[in-house]
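One-letter residues, chain by chain:
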Amino acid sequence: MQAHDGMYIDGAWRPAAGGDTIEVVNPVDEQVIGRVPAGSAEDVDTAVRAARAALPGWAATPPAARAARLGALRDVLVARKDEIAETVTAELGSPLAFSQAVHAGVPIAVAGSYAELAATHAFEERIGNSTVHHEPVGVVGAITPWNYPLHQIVAKVAPALAAGCTVVLKPAEDTPLTAQLFAEAVHEAGVPAGVFNLVTGLGPVAGQALAEHEGVDLVSFTGSTAVGRHIGATAGGAVKRVALELGGKSANVILPSADLAKAVAVGVANVMSNSGQTCSAWTRMLVHRDQYDEAVDLAASAAAKYGDRIGPVVNAKQQARVRSYIEKGVAEGARLVTGGPESPYERGYFVSPTVFADVTSDMTIAQEEIFGPVLSLIRYEDQEDALRIANGTVYGLAGAVWAGDEAEAVAFARRLETGQVDINGGRFNPRAPFGGYKQSGVGRELGPHGLGEYLQTKSLQF
Ligand code: NAD
């Protein structure tokens, strides 16, 4: 798609207040593919005012009519599916088939789920002598990362619109073209002017201005824990609502009764897909000591097969960061069984699929989020040891448990300090609540729980 040189505010593309721009780079060949405006505090202010002005009308729009607009939005996303996939591939570098299936497919499912929820949710309930109204929280400031560019946007904007909120979005600087395409889709779907607004720009400038703006009632942020902590403090100081979806360091626990080959194959695929840039990726594989050597061999050969099938990471900075984690793993005594810090290609921000064995839970690579195609295999002695290792990080976003008997896996999963657990390879559910325990975040996205984040209650007593 062609990059817009303005911001989508109050139903139209408008010139930015200043002349600064952000270059969009294709991470496969390092070529500049477009430029978007780098918004300022002034642009954010204009967008928040538009969102505030549109709020009373949209909040009073019957849920069925809001549902109709979300249904239309879903239909536009379906019609423009190929363009979405091509745009994500151009600015994120993911292989086209993955962009089609996941980067375009998942947001379509999520938008569809909120079209249905808006039509069916009970926005009013009776509790004893009270009628409780579920009302929109107000103006939402949404700040999103680049790793699943459209999904992260739709997971905030669709429930916000379903709830009757209005939105100002500040997308990641690496993937603004997908955000512009989304704004076009919102426009085409007939969403009224001012209900959705887009300000592209740098995090510490436009993102910060949005998080601080007194016209914003709820800040919904997905990104790194460091920035999330800062945004949480800003929102706390202003007593405004905040939702934080942050990092993860999820464990894939393979119990001795499991189908080892399947558990390892699915586990490797989970880490390598999207080049490891998935906050919920199971980057620590926990294997019983009796099966450990076999699991290492299986993981090494499975990962090596991904060699030329994964895309690059998003930018040079992420590439350097991931490579330095790999070097640190080696320096701290982990055994590199495949991959390594060298880039497999001369151009592009590629990182080889990398597997470490003999990782212990005190190592940096077992504790910190790497956000690249790097898997660590950790040996455990018994189930209590596995549980201690699995729960032994500051994060708690996701995880997996494999066992011969589903009940055994569920019993273990119930003891994990994490917001999502896949049992024996359970499928992604776009309506199940997604969010973190511990420092992985505050709040939940997706499905009815995600809708609840954008609603506040008013009780009338009779
Ligand atoms: P990031 O925190 O640097 O940026 C995320 C967003 O915040 C971007 O739009 C950025 O411009 C903005 N931002 C940066 N500084 C800001 C500031 N001072 N004020 C306001 N906004 C600011 O993260 P990233 O590098 O873009 O994304 C990778 C991280 O996101 C990883 O740590 C990953 O785990 C996390 N993540 C979490 C989830 C989840 O659902 N839990 C999903 C995806 C990514």
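Reading guide: rules and limits
Each chain has its residues counted from 1, following the order in which its sequence is written. Given that the model is predicted, a residue must reach a pLDDT of at least 70 before its local features are reported, and side-chain atom pairs must reach 80 or more before they are shown or counted; all residues, however, enter totals for whole chains, interfaces and linings. Hydrogen atoms and water are omitted, and side-chain values are computed over all heavy atoms in the structure. When accessible area is computed with a 1.4 Å probe and restricted to protein chains, residues below 20% of their type maximum are described as buried, those above 50% as exposed, and intermediate ones as partly exposed. Here a strand is any run of E in DSSP of at least two residues, a helix any run of H or I of at least four, and the numbering for each starts at the N terminus. Whether two strands pair depends on DSSP finding at least two bridges between them. Convention adopted: a line fitted to C-alpha atoms gives each axis, helices being fitted over their contacting stretch, and angles between N-to-C directions are expressed from 0 to 180 degrees. An angle counts as roughly parallel when it lies under 35 degrees, as roughly antiparallel when it exceeds 145, as roughly perpendicular when it falls between 65 and 115, and as oblique in every other case. Each crossing is labelled by how the near helix is turned from the far one, with a counterclockwise turn of less than a right angle marking it left-handed and a clockwise turn marking it right-handed. Only heavy atoms matter for contacts: two residues are in contact if any of them lie within 4.5 Å across the pair. Gly is placed with the polar residues, together with every amino acid not listed as nonpolar (Ala, Val, Leu, Ile, Met, Phe, Trp, Tyr, Cys and Pro) or charged (Asp, Glu, Lys and Arg). For this analysis, a ring pair means two rings from Phe, Tyr or Trp (six-membered ring only for Trp) whose centres lie within 6.5 Å, classed as stacked if their planes differ by under 30 degrees, edge-to-face if by over 60, and tilted for the remaining angles. Lys and Arg are tallied as positive, Asp and Glu as negative. Neither His nor the chain termini are counted. The rule for a salt bridge is simple: a side-chain nitrogen of Lys or Arg has to be within 4 Å of a carboxyl oxygen of Asp or Glu. Domains are outlined according to an automatic or database domain assignment. Distance and chemistry together define a polar contact, namely a pair of N or O atoms within 3.5 Å, with one atom able to donate a hydrogen and the other to accept it when in protein, and with adjacent residues in sequence counting only for side-chain atoms on both sides. Residues are classed as near a molecule or strand on a simple rule: at least one heavy atom within 4 Å of it. The Shrake-Rupley method, run with a 1.4 Å probe, gives the accessible areas here. Residue values count only the displayed protein chains as cover.

Burial analysis of strand β6 (residues 130-136) places 5 of its 7 residues in the buried class, the great majority of the element. With 4 bridges joining them, strand β5 (residues 124-127) and β6 adopt antiparallel strand pairing. Paired with Glu-125 across the bridge in β6 is Val-132. Hairpin connection from β5 to β6: 2 residues lie between these consecutive antiparallel strands, with Gly-128 at a positive phi of about 55 degrees. Judged from the 7 bridges that link them, β6 and strand β20 (residues 455-461) form a sheet pairing that is antiparallel. The partner of Glu-135 across the bridge, within β20, is Gln-456.

What follows concerns the packing of helix α3 (residues 81-92) against helix α4 (residues 96-120). Close contact between α3 and α4 brings their axes to 8 Å; oriented N to C, the two are set at 120 degrees. One element, α3, and the other, α4, form an angle in the oblique class. α3 and α4 meet at a crossing whose hand is right-handed. Listed contacts from α4 to Lys-81, Asp-82, Ile-84, Ala-85, Glu-86, Val-88, Thr-89 and Leu-92 of α3 are Leu-96, Ser-99, Gln-100, His-103, Ala-104, Gly-105 and Ile-108. Of the residues contributing to the contact of α3 with α4, the split by class is 7 nonpolar, 5 polar and 3 charged.

The next thing to look at is the packing of aromatic side chains. Tallied over the full model, the rule gives 5 aromatic pairs. Measuring from centroid to centroid gives 5.4 Å for Tyr-8 and Trp-13, while their planes differ by 55 degrees, and the two rings are tilted. A relative accessible area of 28% means that Trp-13 is categorised as partly exposed. The interplanar angle of 70 degrees and the centroid separation of 4.7 Å between the aromatic rings of Tyr-345 and Phe-350 together place this pair among those described as edge-to-face.

Before going further, it helps to examine the side chain of Glu-245. Within the secondary structure, Glu-245 sits in strand β11 (residues 241-245). The charged side chain of Glu-245 is buried without a salt bridge, its nearest counter-charge being Arg-444 at 5.8 Å.

Moving on, we come to the domain arrangement of the protein chain. Split into domains, the protein chain comes out as domain 1 (6-246 + 440-461) and domain 2 (251-430). Each of domain 1 and domain 2 was reduced to a C-alpha centroid, and the two centroids are 30 Å apart. Put simply, domain 1 and domain 2 have 0 salt bridges between them. Remark: the boundary between domain 1 and domain 2 carries 10 residue pairs in polar contact (both at pLDDT 80 or more). Secondary-structure elements contributing two or more residues to the side of domain 1 that touches domain 2 are α3 and α4. Here the side of domain 1 that touches domain 2 gets 5 residues from one element, more than from any other, and that element is α4. Considering only residue class, the side of domain 1 that touches domain 2 consists of 13 nonpolar, 8 polar and 5 charged.

Next up on the list: the environment of Gly-6. As for its placement among the helices and strands, Gly-6 is situated in strand β1 (residues 6-9). A residue is classified by how much of its surface remains accessible, and Gly-6, at 6% relative accessible area, is buried. Along the chain, Gly-6 and Leu-451 lie 445 residues apart, while their C-alpha atoms are 30 Å from each other.

This part is about the environment of Glu-86. The residue Glu-86 is located in helix α3 in this model. Among the residues examined, Glu-86 registers a relative accessible area of 48% and is labelled partly exposed. Distance in space between the C-alpha atoms of Glu-86 and His-213 is 34 Å, their sequence separation being 127 residues.

Let us now look at the site of the ligand. Residues in contact with the ligand amount to 29 residues; listed here are only the nearest, Lys-170, Glu-173, Ser-224, Leu-246 and Glu-369. Interatomic distance of 3.0 Å between a side-chain N/O atom of Trp-146 and an oxygen atom of the ligand. Between Glu-173 and the ligand, the recorded distance is 2.5 Å, taken from a side-chain N or O atom to an oxygen atom. The fraction of the free accessible surface of the ligand (840 Å²) that becomes covered by protein chains is 89%. Broken down by element, the residue count for the shell around the ligand peaks at 4 residues, all from helix α7 (residues 203-212). Of the residues belonging to the shell around the ligand, the class tally is 14 nonpolar, 11 polar and 4 charged. Taken together, domain 1 (6-246 + 440-461) and domain 2 (251-430) each give at least three residues to the shell around the ligand, which thus spans both.

Among the residues making up helix α13 (residues 383-390), those that are buried are Asp-385, Ala-386, Leu-387, Ile-389 and Ala-390. Residues of α13 that are buried in the fold lie against β12 (251-254), β13 (284-288), β16 (374-380) and α14 (406-413).

With respect to the helices and strands, the residue Ser-440 is situated in the loop between β18 (422-423) and β19 (441-442). Polar side-chain contacts of Ser-440 include one of 3.3 Å to the backbone nitrogen of Leu-397. Sequence-distant contacts of Ser-440, defined by excluding residues within four places in its chain, comprise Leu-244, Glu-245, Leu-246, Gly-247, Gly-248, Val-394, Tyr-395, Gly-396 and Leu-397.

Two elements in contact, helix α2 (residues 63-79) and helix α6 (residues 176-188), have axes whose closest approach is 8 Å; the angle formed by their N-to-C orientations is 130 degrees. In terms of orientation, α2 lies oblique with respect to α6. Judged by the sense of rotation from one axis to the other, the crossing of α2 with α6 is right-handed. Facing α2, whose interface residues are Leu-73, Val-76 and Leu-77, α6 presents Phe-182, Ala-185, Val-186 and Glu-188. A breakdown of the residues in the contact of α2 with α6 according to their chemical character gives 6 nonpolar, no polar and 1 charged.

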